[in-house]
Amino acid sequence: MTDWLDAKVVENKQWNDRLHSLRVQADFPKFKAGQFTRLALDIDGELISRPFSLVNAPDEHPLDFYFIEVPEGVLSTRLAHLQPGDDIKVAPKAAGLLTPDQIPEAHHLYLLATGTGIGPFLSIIKTTEIWRQFKKVVLVHSVRFQNELTYQETIAAAQAAHPEAFIYIPIVSREDCDFALSGRIPQTIEDGRLEHRAGLEISPADSQVMLCGNPAMIQDTMALLIDQRGLKKHSRRDPGQISIEKYW
């Protein structure tokens with residue numbers, strides 16, 4: 001049984017009609033960038049919890065959780081209406097292996113995310129270690145509409161701090177956007193647009209790829225990288241180039 005930490009909401013930032021960032025103050029232990037924990041609320045006498053990635057860097061406070069309000073969702077609809085000062089429960093430790101220290105050495109790191117799957121990657125690019133580990137870090141964020149390209153201040157700060165090492169590539173699939181690629185992540189890899197925009201090839205010799213978000217994107221992208229780029233899924237026992245975190 002989980003011994004939950006008592007926490008307080010300090011901010012509920014609403015990005016659009018469905019996307020929120022819930023900032024929570026809690027006495028939370030040290031964690032690794034890329035990990036997740038669980039949030040919980042008492043709903044009709046039952047403690048309901050779900051996993052959420054930590055967007056803040058390990059040395060940052062408050063805790064930052066990026067989520068989408070799911071229509072008729074038992075927990076997300078309640079989280080979306082929380083206000084500063086409201087109580088919430090946080091699991092007492094983080095978990096997850098989508099962390100840079102789990103992957104082999106390489107020159108380039110591709111961080112490929114859909115929607116709120118960008119959360120753990122935002123935590124990663126805020127750390128100092130990632131810029132020592134890789135010569136280039138490519139953050140790819142695929143969304144449906146422009147107003148879902150959130151956390152632009154965080155991304156701009158990374159660009160300013162690491163102008164030679166950081167590459168940000170937005171992808172917008174359902175409306176025309178002159179600064180973003182169109183389509184889905186697998187399509188942009190298959191036709192070469194993603195690598196052309198990044199100025200880097202995805203190869204087994206030079207690249208590590210981390211995938212987070214929609215399971216269909218993860219499955220399709222991983223299959224493409226294996227079949228057409230010669231990469232393989234990474235595990236501790238059998239090192240490779242592809243690390244994944246599914247969001248549902």
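Residues numbered from 1 in each chain as written. Predicted model: local features only at pLDDT ≥ 70, side-chain atom pairs only at ≥ 80, totals over all residues. Heavy atoms only, no water.

A.B. asks: Can you explain the overall build of the protein chain? Please cite residues and give values.
C.D. replies: Helix and strand counts for the protein chain stand at 7 helices and 12 strands. In summary, the protein chain has a C-alpha radius of gyration of 18 Å against a globular reference of 18 Å for 248 residues, a match within 12%. The principal-axis extent of the C-alpha atoms belonging to the protein chain is close to 50 × 40 × 35 Å. When burial is assessed residue by residue, the protein chain has 53% of its 248 residues classed as buried. Long-range contacts, defined here as pairs at least 24 residues apart, represent 70% of the contacts in the protein chain between residues at least 6 apart. Here the protein chain displays about 12,100 Å² of accessible surface, and carbon together with sulfur accounts for 48% of that area. Considering the protein chain, the positive charge centre built from 26 side chains and the negative charge centre built from 33 side chains are found 4 Å apart. (Helix = DSSP H or I, 4+ residues; strand = E, 2+ residues; numbered from the N terminus. Rg over C-alpha atoms; globule rule 2.2 N^0.38 Å. Buried < 20%, exposed > 50% of the residue type's maximum accessible area, 1.4 Å probe, protein only. Contact = heavy atoms within 4.5 Å. Areas by Shrake-Rupley, 256 points an atom, 1.4 Å probe, with all protein chains shown as cover. Lys, Arg positive; Asp, Glu negative; His and termini not counted. Charge placed at Lys NZ, Arg CZ, Asp CG, Glu CD.)

A.B. asks: Could you give an account of unusual backbone geometry, naming the residues involved and the relevant values?
C.D. replies: Cis geometry marks the peptide bond from His 61 to Pro 62; its omega dihedral reads 0 degrees. Within the element layout of this structure, Pro 62 appears in the loop between β4 (46-53) and β5 (63-68). In this model, Asp 44 sits at a positive phi of 55 degrees, which is unusual for a non-glycine residue. Note on placement: Asp 44 falls in the loop between β3 (36-43) and β4. Judged by relative accessible area, which is 76%, Asp 44 ranks as exposed.

A.B. asks: Quick one: what's the story with the environment of Ala 40, residue by residue and with numbers?
C.D. replies: As for its placement among the helices and strands, Ala 40 is situated in strand β3. The sequence separation of Ala 40 and Leu 75 amounts to 35 residues, and the corresponding C-alpha distance is 7.9 Å. For Ala 40, the contacting residues outside a window of four places in its chain are Trp 4, Leu 47, Ile 48, Ser 49, Ile 88 and Lys 89.

A.B. asks: Which residues make up the pairing of strand β8 (residues 136-143), and what are the values?
C.D. replies: Within β8, 7 of the 8 residues are buried, which leaves the element mostly enclosed by the surrounding structure. Inspection of the sheet shows strand β7 (residues 108-114) paired to β8 by 7 bridges, in the parallel sense. The residue bridging Leu 109 from the neighbouring strand is Val 137, located in β8. This β-α-β element, β8 to helix α4 (residues 152-161) to strand β9 (residues 166-172), shows right-handed connectivity. (Pairing = 2+ DSSP bridges. Right-handed = clockwise from strand over helix to strand, strands pointing away.)

A.B. asks: Break down the environment of Lys 93 for me, citing the residues and quoting the values.
C.D. replies: By the secondary structure assignment, Lys 93 is in the loop between β6 (87-90) and β7. Note on Lys 93: relative accessible area 62%, which makes it exposed. C-alpha separation for the pair Lys 93 and Leu 5, spaced 88 residues apart in sequence, amounts to 9.4 Å. In contact with Lys 93, other than residues within four places in its own chain, are Phe 28, Pro 29, Phe 36 and Thr 37.

A.B. asks: Break down the sheet that holds β7 for me, with residues and values.
C.D. replies: Reading across from one edge, β10-β9-β8-β7-β11-β12 is the order of the 6 strands in this open sheet, with parallel pairing throughout. Two strands close off the open sheet at either side, each with one partner strand: β10 (181-182) and β12 (242-246). Bridge count between β9 and β10: 2 bridges; the pairing is parallel. Across the sheet, residue Ile 171 finds its bridge partner in β10, namely Leu 181. Contacting β8 and β9, α4 crosses the sheet at an angle of about 150 degrees to β9. Lying on the sheet, helix α7 (residues 215-229) is in contact with β7, β11 (207-213) and β12; it crosses β11 at an angle near 160 degrees. (Axes fitted to C-alpha atoms, helices over the stretch in contact; angles between N-to-C directions.)

A.B. asks: Let's hear about the pairing of β6: which residues, and what values?
C.D. replies: The alternating pattern of β6 places Ile 88 and Val 90 on a buried face and Asp 87 and Lys 89 on a face that is not buried. In this sheet, β6 lies alongside β3 in antiparallel orientation, the contact comprising 2 bridges. Note that in β6 the partner of Ala 40 across the bridge is Lys 89.

A.B. asks: How would you sum up the sheet that holds β4? Please name residues and give values.
C.D. replies: Across a sheet, paired strands are connected by hydrogen bonds in the backbone, their directions being either parallel or antiparallel. Here 6 strands make up an open sheet; going across it, the order is β4-β3-β6-β1-β2-β5 and the pairing antiparallel. Strands at the two margins of the open sheet, each flanked by one partner only, are β4 and β5. Each strand axis lies, on average, 40 degrees off the axis of its neighbour in the sheet, ignoring direction. For strand β1 (residues 5-14) and strand β2 (residues 19-25), the ladder comprises 6 bridges, and the chain directions are antiparallel. Paired with Val 9 across the two strands is Val 24, which belongs to β2.

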